[in-house]
Amino acid sequence: MSARLPLVLRRLGRLQPPGPPRRLRELCRASSGGGGGCGGGEGLLGQRRLRDTQAGSSRGPGSRAPPARDSIVREVIQNSKEVLSLLQGKNPAFKPVLAIIQAGDDNLMQEINQNLAEEAGLNITHICLPADSGEDEIIDEILKINEDTRVHGLALQISETSFSDKILNALKPEKDVDGVTDVNLGKLVRGDARECFVSPVARAVIELLEKSGVNLDGKKILVIGAHGSLEATLQCLFQRKGSMTMSSQWKTPQLQSKLHEADIVILGSPKPEEIPLSWIQPGTTVLNCSHDFLSGKLGCSSPGVHGTGPIAEDVSLLAAALRIQNMVSSRRRWFREQQYRRWRLHCLKLQPLSPVPSDIEISRAQTPKAVDILAKEIGLLADEIEIYGKSKAKVRLSLLERLKDQADGKYVLVAGITPTPLGEGKSTVTIGLVQALTAHLNINSFACLRQPSQGPTFGVKGGAAGGGYAQVIPMEEFNLHLTGDIHAITAANNLLAAAIDTRILHENTQTDKALYNRLVASVNGVREFSKIQLARLKKLGINKTDPSTLTEEEMRKFARLDIDPSTITWQRVMDTNDRFLRKITIGQGSTEKGYSRQAQFDIAVASEVMAVLALTDSLADMKERLDRMVVASDSNGQPVTTGDLGVTGALTVLMKDAIKPNLMQTLEGTPVFVHAGPFANIAHGNSSVLADKIALKLVGEEGYVVTEAGFGADIGMEKFFNIKCRASGLVPSVVVLVATVRALKMHGGGPSVTAGVPLKKEYTEENLQLVADGACNLEKQIQIAHLFGVPVVVALNVFKTDTRAEIDLVCELAKRAGAFNAVPCYHWSIGGKGSVDLAQAVREAASKKSRFQFLYDVQLPIVEKIRTIAQAVYGAEDIELSPEAQSKIDRYTEQGFGNLPICMAKTHLSLSHQPVKKGVPKDFILPISDVRASIGAGFIYPLVGT
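Residues numbered from 1 in each chain as written. Predicted model: local features only at pLDDT ≥ 70, side-chain atom pairs only at ≥ 80, totals over all residues. Heavy atoms only, no water.

Defined as follows: UniProt positions are given in the numbering used here, feature names are shortened, and annotations may be inferred rather than shown by experiment.
The protein carries the name formate--tetrahydrofolate ligase in an unreviewed UniProt entry, which gives Balaenoptera musculus as its organism. Listed under Pathway (unreviewed entry) in UniProt, the entry text for the protein is "One-carbon metabolism; tetrahydrofolate interconversion." Recorded under Subunit (unreviewed entry), the UniProt text for the protein is reproduced unchanged: "Homodimer."

1. Some thoughts on the pairing of strand 2 (residues 97-103)
To be explicit about the condition: Buried residues are those whose accessible area, probed at 1.4 Å on protein chains only, stays under 20% of the maximum for their type, while exposed residues exceed 50% and partly exposed ones sit between those limits. Only DSSP runs of H or I with at least four residues qualify as helices, and only runs of E with at least two residues qualify as strands; both kinds are numbered from the N terminus onward. When DSSP locates at least two bridges between a pair of strands, those strands are taken to pair.
Extensive coverage of strand 2 is indicated by the burial of seven of its seven residues. Of the two faces of strand 2, the one lined by V97, A99, I101 and A103 and the one lined by L98, I100 and Q102 are each fully buried. Of the pairings in the sheet, the one linking strand 2 to strand 3 (residues 123-129) comprises seven bridges and is parallel in character. The partner of A103 across the bridge, within strand 3, is L129. Inspection of the sheet shows strand 2 paired to strand 4 (residues 153-157) by five bridges, in the parallel sense. Paired with Q102 across the bridge in strand 4 is Q157.

2. Things to note about the pattern of salt bridges
Rules: Note on definitions: salt bridges are taken to be side-chain nitrogens of Lys or Arg within 4 Å of carboxyl oxygens of Asp or Glu.
Throughout the structure, instances matching the rule amount to 41 salt bridges. Salt-bridge contacts for D657 lead to K656; the nearest nitrogen and oxygen are separated by 3.2 Å. Assessed through its relative accessible area of 27%, D657 is described here as partly exposed. K656 sits in the partly exposed class, given a relative accessible area of 44%. D714 is the salt-bridge partner of K906, the closest N and O atoms lying 3.3 Å from each other. Separated by 192 residues along the polypeptide, K906 in the loop between helix 36 (883-894) and strand 31 (925-934) and D714 in helix 28 (residues 713-728) bring together distant segments of the chain. By relative accessible area, which is 4% here, K906 ends up buried. Overall, D714 belongs to the buried group, its relative accessible area being 0%. Three or more residues are tied together by salt bridges with common partners; here these are E386, R396, K656, D657 and K660.

3. Remarks on the environment of D578
As for its position among the elements, D578 is in the loop between strand 18 (572-574) and strand 19 (584-586). The spatial distance from the C-alpha of D578 to the C-alpha of D602 is 9.3 Å, given a sequence separation of 24 residues.

4. Some words on the packing of aromatic side chains
Formally: Classification of ring pairs rests on two measures: the distance between centres of Phe, Tyr or Trp rings, Trp counted by its six-membered ring, which must be within 6.5 Å, and the angle between planes, read as stacked under 30 degrees, edge-to-face over 60 and tilted in between.
A full pass over the atoms with the stated rule returns ten aromatic pairs. When the centroid spacing of 6.2 Å and the interplanar angle of 90 degrees are considered together, the rings of W343 and F446 count as edge-to-face. Taken as a pair, W343 in the loop between helix 12 (316-338) and helix 13 (359-365) and F446 in strand 13 (residues 445-449) lie far apart in primary sequence, 103 residues in all. Looking at W343, the relative accessible area reads 6%, which means it is buried. Exposure remark for F446: the relative accessible area of 0% places this residue in the buried category. Ring geometry for Y411 versus F720: centroids 5.5 Å apart, planes at 50 degrees, classification tilted. Linking Y411 in strand 12 (residues 410-416) with F720 in helix 28, this pair joins segments that are 309 residues apart in sequence. Like F720, Y411 is buried.

5. Remarks on the packing of helix 35 (residues 862-874) against helix 36
Note the threshold: Convention adopted: a line fitted to C-alpha atoms gives each axis, helices being fitted over their contacting stretch, and angles between N-to-C directions are expressed from 0 to 180 degrees. For classification purposes, an angle smaller than 35 degrees is called roughly parallel, one larger than 145 roughly antiparallel, one from 65 to 115 roughly perpendicular, and anything else oblique. What makes two residues a contact is simply this: any of their non-hydrogen atoms within 4.5 Å.
Relative orientation of the contacting elements helix 35 and helix 36 amounts to 125 degrees, with a least axis distance of 10 Å. It follows that helix 35 is oblique to helix 36 by the angle criterion. Side by side, helix 35 and helix 36 meet where I862, V863 and I866 of the first sit next to I889, Y892 and T893 of the second.

6. Some details on the pairing of strand 13
Two faces, one strand: in a regular strand the side chains alternate between the faces of the sheet. Counting buried residues in strand 13 gives five out of five residues, a clear majority hidden from the surface. Burial along strand 13 is two-sided: S445, A447 and L449 facing one way and F446 and C448 facing the other are all buried. Bridge analysis of strand 13 against strand 26 (residues 704-708) gives four bridges, and the strand direction is parallel. From the neighbouring strand, A447 faces strand 26, where its bridge partner is V706.

Dropping the structure here:
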C-alpha cells in the first residue's frame, strides 16, 4: 500500500532537477534540432524538423518555412514576465504558484516546466504519483490542490487513458490552466474566451500557423486522432478563424481522401504505422499536438513523418510556454477583480404592505439568499468564510492580508440626538441607508452593527435588527445566539473569574514550595517553564529559565500574586437579566475552606473581554490585550493581570472564533457584518474595528461602510471618535445624525415618555412649538460632531403620526444649525427606496475632504481629559471628583495608565448626569463618583453620578 502513496514534491520554492539546470535559451536551442531526446536525430522535445533543403522540396513553391519557434516561446515567456513584474510592483510579496500533478517519473518534463516557470518568475510545484495511479488517487490530489490557497493554477500530466470526465471536472475551473473542464470549454464556446482558460496546446497550434504567415480563412483543416477537450477547442478556434474543420480518427475509412483534401493536418495522437505517409499531400502543413504534451512523453512523435515527407511541427514547448502565460493572465484577471468594482449583487425584492406588519412577520416573509452566494457576490473567496447554517457565516481575517493594498471605501457613522427610552431608530436608519445605496443606487455598501445582548432582547427594548422594511434577516438568528460570540465571551470572562478565586484559595492554603511545585509541575520527569511563565519571570526581573535554579525568595515571588480581595474588579457575567445575581456571596461550599467574599454578576456584554474584541485588529493583538487586563491589585497596590494568572492562552483559545466577524444580510439582500456588542453607557458602544476594516476593503474606494454608535452622539459618537478611531486609525467621512419628531417634542417640554406606556397626545398630534423648542438638542449634537471636523447629515426618521409641517420644520432647523443636509427617511415603511434621498445626501457630503481631529491629546492628565469631555461635549460648567475617584486617578497615573483615552459611563437619556434634564442642560457640575480602568481594552472609564 505504501508503494502506491504519492511522492508529493510540494515545492513552493525552486525545484532542483537532476543534472545541470537548463535555462530557456538552452531548451529552445536543444528543441530546434540536434542531440538528445528519443529517436535518432530528434531534438529535446522530439520535434520532427527536417533540414531546410528537405523542407523546401516537400512544401513546393511559395510555401513558408516553419517559424523560429524558439523566438515565439521567448516572446510568450518575456510577455508573461513583464506582466507578472507589473503585478508584483503593486504587490511585491505576490508570486503565483503552478502545481502539476504528474503520473510517472519524467524528470525531463519537470525540468522543462521548471525552467519556463523560472524564466517567467513563477513558482512551480510537482506532485509526482506512481505511473499506475488510479482515478481516485489522482482526484484526491486534485481536491487537495483545489483547496490550497497558496496554489493558483493546476495542470495534469497523466496518460491519455486517465483523462476521464470525472478527473477533468474535479479541477476547480479557476485553477484549470489547461482549459479542460466543462466550465472553461463552455465559456470558450459561448464566446467568453477572455474570462476562461483556453487549451495551451490548441493555442500553440494557432500561434505557430499564424506566426508562419498562414491565412487560416477558408483553409481546410483536418484534425486526426484528437479527443475530448482538445478536439472541441481546436474546432472552436479554427471556426472563429474562418477555417473549415473536419475531425477524424485514424481508423476512419475515408481518411485517405480527407488527407488529400486538407491544407493543414493536426495530429491529435501518434500516427499508426499502417497509415502511409504518401496519403499526405506535398505542401501540406502538419502539426503534432498529441496528448504526449500532457502525459510528458515528449520523444514519441508520429512514426513516418520524417525523412522526405512533410514537416510535423511539434507544439509541445510552445504549449508549455502558453500554459505559463495562462497562469499569468489568470493572476492579472484576479488582481483586476480585487480592485474596486461594483458588485453584481442579486438584490431581494420588497413588496411593502400597508399597514406595515410586525417586524417578525416582515422578516419571515422574506427568504434570504444562501450566505455562500452573498459572500461570492461581494468578492469573498470560498476559503475565507465559515458557514453557520444557511444564512450566516464567519469571515476569516486572512482577507485583510489578501486585500491589504486595496483602497478603503468611505466611512459613515450613524449617531443620534439624545433619545427617548423607546430609541429613535439608528439601526433602522443604518439598514435603510445601505439598502438605498446598494439595492437602489447600485453602490457597494456594507452595514456594520453590534450583536444585541439577550438582556435587552428579552426585556422591554427588544431586539436590535432594525425594524419595518429595514431589517437584518433572519431576525431570530440575529437577536439570539448568532454564532455564539457572546457565549464565548461569557466562558472566557468566567474562566478568568474562577482563576482569580482559585488562586487566592491555593495561596491561602499552601506553602511556597507546594504552590511552586504545582505551578511548575514535572511532566514525564521533565520540569520547565511555559512561555507565559517565562514572561512573568521577566516581569519580576528574574532572568532564569531552569525551574530548579530559583532561590526560595524567587520561588515565593513567582508563585504568590498576593491578591487583595477588596480590590478585585473582575466580575462574573451572564447574558440574560437576573436581578438576584447583582449581589452574591461566593465560596460557601465546604471545599472552599471558609474562603468566601461578596461578588456580583454583570451582563455579558459589559465584560472587558467584549471591549477587547471590539477594539482588536488581529488575533495576536487580542492575545496581548487579554494578557494585560487588570483584574485586581496585590497587597502592595500593584496591578494583577490575566498574564500574571497564566490564563491568557486559555482565554485566547476560547475567543479564536469569536474574533471573526459574522456575515448576514438585509431584507433587500445587501451585506451586513454583525460583530461585538459593548454597551455605550458603560463601554464604548461600537461594533468591532475588524468588521469595519474588512468591510472597507470589500466595498472598494468608491463604496461605503455604514456603522452605528450607541445612544446619543454625546456618548456613542464621542467614544467612536476618541476611542475607536484612535485604536483603528480609520478616518470617518460623514456623520448621519438620526432625529425624530417624537424626541424633539420631548426635549421641547413634552410629557415624559415611558417604555410600554401609550404616548400622550402631544406626540401623536401636530405641535410645531414643541418641535421648535426641542431643536436645541439637535443643534447641540450637530455642534458636537463639528468639534471633530466631520460633516453632518441629519436623517429624520419619519413616523406615521408626523405631519408634513413638522417634517419640514425639523429639516429647516437642522440646516440652520449647520447640518450639511437634512432629509426625511421612509425606510421603515417602504425599505431602501425610502432612504434614497438620504443616500444621495451622504454621497455628496462624503465627497468633501475630511477635516477629522480628536477632541483631546491622550497625553493630557486624566482629570483634564475628563474635564474636556464634560465641558465641550456635555456642556457642563466643571467636574467634581469624589475622594474615591481622585484616589483611583492617582493610582492609575502612578501605574502608568494615565495616557489612555477616556470612556465616560453616563446616562444616555440626558446630556447631563440627570436623566430627567432634557433639551440642553446648563450650568451643571458633572459629578465623577468613581474611576475604573479597562487596561486590556485600552481606556479609563469614569462613572458619572449614580
